[in-house]
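Residue-level listing of the chains:
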Amino acid sequence: MSVCLLWYALWDASQPKTGPVGNGVHMPTFQDLWPIYSMMAMGVLNLLVAIMRYLEYKKTQVKDDVMK
């Protein structure tokens, strides 16, 4: 979902805005995109932690099966 949000933010920023809304095309700054980048980074880190914990769980299950 955050990738779609990033895509939409970049698309919206490339749309010309004139009049009271703005003047021309302005790309979002790093501060504007920081929440999106941090959500993506947290998702990737959470995925890595989940994979590591799953592999540790599988190792304990194999050890328990051998002990029986």
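All of the points below concern the structure found in this document. (Residues numbered from 1 in each chain as written. Predicted model: local features only at pLDDT ≥ 70, side-chain atom pairs only at ≥ 80, totals over all residues. Heavy atoms only, no water.)

## Some remarks on the overall build of the protein
Scanning the protein from N- to C-terminus turns up two helices and zero strands. Summed over all atoms, the accessible surface of the protein reaches about 6100 Å², with 69% contributed by carbon and sulfur. (Helix = DSSP H or I, 4+ residues; strand = E, 2+ residues; numbered from the N terminus. Areas by Shrake-Rupley, 256 points an atom, 1.4 Å probe, with all protein chains shown as cover.)

## Looking at helix H1 (residues 2-13)
For H1, with twelve residues, the first-to-last C-alpha span of 16 Å sits near the 16 Å given by 1.5 Å per residue. Among the residues of H1, those classed as buried are Ser2, Leu6 and Ala13. Looking straight down H1, one finds that the buried residues subtend no more than 45 degrees of arc, so they occupy a single side. H1 presents Cys4 and Trp7 as exposed residues on the side facing more than 90 degrees away from its buried surface. (Expected span 1.5 Å × (residues − 1). Buried < 20%, exposed > 50% of the residue type's maximum accessible area, 1.4 Å probe, protein only. Arc of directions from axis to C-beta.)

## Observations concerning the packing of aromatic side chains
Applying the stated rule across the entire model yields three aromatic pairs. Pairing tyrosine 8 with tryptophan 11 gives two aromatic rings, centres 5.8 Å apart and planes at 35 degrees, and the pair type is tilted. Taken together, the residues span about one helical turn, with tyrosine 8 and tryptophan 11 both in helix H1 at a distance of three residues. The exposure class assigned to tyrosine 8 is partly exposed, which follows from its relative accessible area of 43%. On the accessibility criterion, tryptophan 11 (42% relative accessible area) is partly exposed. Seen from their ring centres, phenylalanine 30 and tryptophan 34 are 5.6 Å apart, and the 45 degrees between their planes marks the pair as tilted. Taken as a pair, phenylalanine 30 and tryptophan 34 lie in helix H2 (residues 30-67) at a separation of four residues, close to a single helical turn. One aromatic cluster is present, formed by Phe30, Trp34 and Tyr37 through successive ring pairs. (Phe/Tyr/Trp six-rings, centres within 6.5 Å; stacked < 30°, edge-to-face > 60°.)

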